[in-house]
Every structure is written in structure tokens, then in C-alpha cells.
Amino acid sequence: MTTSKILKAALKIRELQVTLQNISADDNRDTTNYTDKEICAEAVYVRSLYSESGTMCNEELNGEYGVAEQRKARKAVRDLNKLIAQVAA
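Residues numbered from 1 in each chain as written. Predicted model: local features only at pLDDT ≥ 70, side-chain atom pairs only at ≥ 80, totals over all residues. Heavy atoms only, no water.

Peer 1: Just to check I follow, could you spell out the nonpolar core for this structure?
Peer 2: Here is a general trend for soluble globular proteins: nonpolar side chains tend to be buried in one another's company. Core analysis: the biggest nonpolar cluster contains 21 residues, and Leu16, Ile39, Tyr50, Leu80 and Leu83 have the highest contact counts within it. Counting only elements with at least two residues in this core, the list comes to helix 1 (5-10), helix 2 (14-27), helix 3 (36-49) and helix 5 (67-88). The leading source of residues in this core is helix 5, at seven residues. What tyrosine 50 contacts, discounting residues up to four positions off in sequence, is Glu15, Cys57, Asn58, Glu60, Leu61, Ala73, Ala76, Val77 and Leu80. (Core = buried A, V, L, I, M, F, W, Y, C linked by side-chain atoms within 4.5 Å. Buried < 20%, exposed > 50% of the residue type's maximum accessible area, 1.4 Å probe, protein only. Helix = DSSP H or I, 4+ residues; strand = E, 2+ residues; numbered from the N terminus. Contact = heavy atoms within 4.5 Å.)

And the structure:
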């Protein structure tokens, strides 16, 4: 199966890549078998982690691990928003 443009973009976002790898192992499916909508649903979930107090993603976004990690987190949120908008369009 060919890799979709959405999946390629998703795999470039660190937290989303880890989440997709984890669920694919749990589901016993290859990541290329997920639909764009399924990937989008996971992207929405991962994005929520950045606003949920007490998560590592939220701590990164708030700069608790330094400026470099905060920048990475901000970029991840922007990339997640862009990915979600692409699927919704």
C-alpha cells in the first residue's frame, strides 16, 4: 500500500509518530493501513495533550524542559493544526 501524503506529514511530528507506532502495534496493523480520518483523529488526540495539564507535552509547551523543547512543542502544535486542517478540507 502506498503511503498517503497525510501519513507522511504525520510521521514527521514526533509525538504523533510515536502514538501511531504504538496503536499500530496494539492493533496489529501497519501504519500505512490507517485512513486519513483515523490519522486525523489521533492528531486531534495528540494535540489535546499539549493543552492538558500534567502531560509531558504540556510541560514542553510551557517551557519546563527549556527553550529548545518549547520551540519543538510549538512547532508540533502548528504542524498538528496544519495536518488536521488538511484532512478537514
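Peer 1: So what exactly am I meant to see when it comes to the pattern of salt bridges here?
Peer 2: Between side chains of opposite charge, a pair can form as their charged atoms come close. For the coordinates displayed, the defined rule picks out five salt bridges. One salt bridge connects glutamate 38 with arginine 29, and the closest N-O pair in it is separated by 3.3 Å. By relative accessible area, arginine 29 is classed as partly exposed at 30%. A network of salt bridges, in which partner residues are shared, links Arg14, Glu60, Glu69 and Lys72. (Salt bridge = Lys/Arg side-chain N within 4 Å of Asp/Glu carboxyl O.)

Peer 1: Would you explain helix 2 in this entry?
Peer 2: At 3.6 residues per turn, the α-helix brings residues three or four places apart onto the same side. Along its 14 residues, helix 2 runs 20 Å from first to last C-alpha, staying within 8% of the 20 Å computed at 1.5 Å per residue. Here helix 2 has its buried residues at Glu15, Leu16, Thr19, Leu20 and Ser24. Projection of helix 2 onto a plane perpendicular to its axis shows the buried side chains occupying an angular sector of 160 degrees, all on one side. Summarising the contacts, the buried residues of helix 2 are in contact with helix 1, helix 3, helix 4 (56-61) and helix 5. (Expected span 1.5 Å × (residues − 1). Arc of directions from axis to C-beta.)

Peer 1: Before we go on, may I ask you to explain a positive patch on the surface in this structure?
Peer 2: Together, Lys5, Lys8, Lys12 and Lys82 line one region of the surface with positive charge. Of note, lysine 8 is situated in helix 1. (Patch = residues over 30% accessible without salt bridge, like charges linked within 9 Å, V, L, I, M, F, W, Y side chains within 5 Å. Areas by Shrake-Rupley, 256 points an atom, 1.4 Å probe, with all protein chains shown as cover. Lys, Arg positive; Asp, Glu negative; His and termini not counted. Charge placed at Lys NZ, Arg CZ, Asp CG, Glu CD.)

Peer 1: I'm lost on the packing of aromatic side chains in this one. Help?
Peer 2: To describe a pair of aromatic rings, you give the distance between the ring centres and the angle between the ring planes. Applying the stated criterion across every chain yields a total of zero aromatic pairs. Here the basic side chain of arginine 29 rests over the ring of tyrosine 34, its NZ or CZ set 4.1 Å away from the ring centre. (Phe/Tyr/Trp six-rings, centres within 6.5 Å; stacked < 30°, edge-to-face > 60°. Lys NZ or Arg CZ within 6 Å of the ring centre and 35° of its normal.)

Peer 1: In this structure, what is going on with the side chain of threonine 19? I would like to understand it.
Peer 2: As for its placement among the helices and strands, threonine 19 is situated in helix 2. With residues near it in sequence (within four places) discarded, threonine 19 still touches Glu42 and Val46.

Peer 1: Quick question: what am I supposed to make of helix 5 here?
Peer 2: Taking 1.5 Å as the rise per residue, helix 5 with 22 residues should run 32 Å; its terminal C-alpha atoms sit 31 Å apart, in good agreement. Taken together, the buried positions of helix 5 are occupied by Glu69, Gln70, Ala73, Ala76, Val77, Leu80, Leu83, Ile84 and Val87. Summarising the axial view, the buried residues of helix 5 lie within an arc of 145 degrees, below the 170-degree limit, and thus occupy one face. For helix 5, the exposed residues lying more than 90 degrees away from the buried face are Ala68, Arg71, Arg78 and Lys82.

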